[in-house]
Amino acid sequence: MYPRLSVRLKTISLLLCVVAISGPARAADYAVDPSHAFIQFRISHLGYSVLAGRFNDFAGTFVWDRDNPSTAAINVTIKTASIDTNWAERDKHIRGEDFLDVEQFPLATFRSSTFTGDAARGTLDGILTLHGVSKPVTLQVHAVGEGDDPWGGYRAGFAGTTTIDRTDFGISYDLGPTANTMEFDLFIEGIRQ
């Protein structure tokens with residue numbers, strides 16, 4: 001056999017072995033960047049207006065592979081005492097036993113189970129635990145974008161919406177018949193690890 005051909009064949013064989021061992025690319029893990037992520041909500045106030053607020057302290061991770069979106073998953077933990085409706089006295093009341101009871105239930109969590117859709121948009125199902133009650137919740141999500149950031153990292157961002165009935169989670173303080181439904185807007189940006 002010719003020496004050059006032998007070296008080329010060995011090189012090709014080695015490359016094929018490396019590809020075979022490494023297998024297909026797996027979904028990437030991301031850490032939620034809390035400085036560029038938001039969990040916001042809206043709820044009717046007595047049927048006369050809309051109260052808006054957010055949770056300021058949360059953390060989470062997600063898995064994302066745009067070539068295989070069915071592997072998408074997210075886990076988020078929220079500190080319930082971080083609720084912020086832009087009015088200190090109201091926030092104090094909401095943190096109390098009538099609503100979130102943050103002393104007894106300091107954390108809320110969402111853990112996804114399945115994603116159905118494509119790389120642009122879809123439905124994310126999972127379990128929300130709030131006020132000590134765990135219930136299935138469905139989020140409508142869409143990709144905002146992904147790519148390199150100016151600091152040498154790689155980021156991906158998504159937006160989602162869902163609606164819950166707070167009474168399903170044992171939060172039943174009477175604010176009028178239109179004030180049970182809460183709408184959530186979630187904006188999640190993560191840094192690839």
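Residues numbered from 1 in each chain as written. Predicted model: local features only at pLDDT ≥ 70, side-chain atom pairs only at ≥ 80, totals over all residues. Heavy atoms only, no water.

K.L.:
Is there a simple way to think about the layout of surface pockets in this case?
P.N.:
Space left empty within the atom packing is revealed by a probe, the size of a water molecule, rolled over the atoms. For the largest pocket, the calculated volume is near 890 Å³. Lining of the largest pocket is provided by 48 residues; of these, Ile 39, Ile 78, Thr 162, Phe 184 and Leu 186 occupy positions nearest its centre. Residues belonging to the lining of the largest pocket are distributed by class as follows: 38 nonpolar, 6 polar and 4 charged. (1 Å grid on protein atoms, 1.4 Å probe; cavity = no way out; pocket = protein on both sides within 12 Å on 5 of 7 lines; lining within 4 Å. Points joined across faces, edges and corners; volume = space filled by probe spheres on them. Nonpolar A, V, L, I, M, F, W, Y, C, P; charged D, E, K, R; others polar.)

K.L.:
Which parts of the structure should I look at to understand the pattern of salt bridges?
P.N.:
If the charged atoms of two oppositely charged side chains come close together, the side chains can form a pair. Within this structure, the stated rule accounts for 8 salt bridges. Between Asp 149 and Arg 155 there is a salt bridge, with the nearest N and O atoms lying 2.8 Å from each other. Looking at Asp 149, the relative accessible area reads 13%, which means it is buried. Each of Asp 33, Asp 149, Arg 155 and Glu 189 takes part in one network of salt bridges that share partners. (Salt bridge = Lys/Arg side-chain N within 4 Å of Asp/Glu carboxyl O. Buried < 20%, exposed > 50% of the residue type's maximum accessible area, 1.4 Å probe, protein only.)

K.L.:
Explain the side chain of Thr 80 to me, please; I cannot follow it from the model alone.
P.N.:
Turning to its location among the elements, Thr 80 is positioned in the loop between β5 (73-79) and β6 (83-84). Look at Thr 80 and you get buried, because its relative accessible area is 2%. There is a polar contact of 2.9 Å between the side chain of Thr 80 and the backbone oxygen of Phe 105. (Helix = DSSP H or I, 4+ residues; strand = E, 2+ residues; numbered from the N terminus. Polar contact = N/O pair within 3.5 Å; in protein donor to acceptor, adjacent residues only side chain to side chain.)

K.L.:
What is the right way to read the environment of Phe 187 from this model?
P.N.:
When you line up the elements, Phe 187 lands in strand β11 (residues 181-192). Note: C-alpha distance between Phe 187 and Phe 38 (149 residues apart in sequence) is 5.1 Å. With residues up to four places along the chain from it excluded, the contact list for Phe 187 reads His 36, Ala 37, Phe 38, Gln 40, Phe 158 and Ala 159. (Contact = heavy atoms within 4.5 Å.)

K.L.:
What exactly am I supposed to notice about the pairing of strand β8 (residues 121-130) here?
P.N.:
Regular strands place side chains that alternate from one sheet face to the opposite one. Every second residue of β8 is oriented toward a common face, the buried set being Gly 122, Leu 124, Gly 126, Leu 128 and Leu 130 and the non-buried set Arg 121, Thr 123, Asp 125, Ile 127 and Thr 129. Bridge count between strand β7 (residues 107-117) and β8: 8 bridges; the pairing is antiparallel. Across the sheet, residue Thr 109 finds its bridge partner in β8, namely Thr 129. Adjacent in sequence and paired antiparallel, β7 and β8 are bridged by 3 residues. (Pairing = 2+ DSSP bridges.)

K.L.:
What exactly am I supposed to notice about the packing of aromatic side chains here?
P.N.:
How two aromatic rings sit relative to each other is given by the distance of their centres and the angle of their planes. Considering all chains together, one arrives at 6 aromatic pairs under this definition. Between Phe 41 and Phe 184, the ring centres sit 6.1 Å apart and the planes meet at 50°, which makes this aromatic pair tilted. Taken together, the residues Phe 41 in strand β2 (residues 38-45) and Phe 184 in strand β11 connect sequence positions 143 residues apart. Neither residue differs from the other here; Phe 41 and Phe 184 are each classed as buried. Put simply, the rings of Tyr 30, Phe 62, Trp 64 and Phe 158 touch in pairs and so form one group of aromatic residues. We note Arg 192 situated over the ring of Tyr 154; from NZ or CZ to the ring centre the distance is 4.0 Å. (Phe/Tyr/Trp six-rings, centres within 6.5 Å; stacked < 30°, edge-to-face > 60°. Lys NZ or Arg CZ within 6 Å of the ring centre and 35° of its normal.)

K.L.:
How do you make sense of the side chain of Ser 112 when you look at a structure like this?
P.N.:
With respect to the helices, strands and loops of the structure, Ser 112 is situated in strand β7. You can call Ser 112 buried: its relative accessible area is 13%. One polar contact links the side chain of Ser 112 to the main-chain amide nitrogen of Ile 74, over a distance of 2.8 Å. Ignoring anything within four residues of it in the chain, the contact list for Ser 112 reads Ala 73, Ile 74, Asn 75, Leu 124, Asp 125 and Gly 126.

K.L.:
Before we go on, may I ask you to explain the pairing of β11 in this structure?
P.N.:
Pairing analysis gives 3 bridges linking strand β1 (residues 28-32) to β11, with the strands arranged antiparallel. Each bridged residue has a counterpart across the sheet, and for Tyr 30 the counterpart in β11 is Arg 192. Here β2 runs beside β11; their pairing, made up of 6 bridges, is antiparallel. Bridge pairing in β11 places Gln 40 opposite Asp 185.

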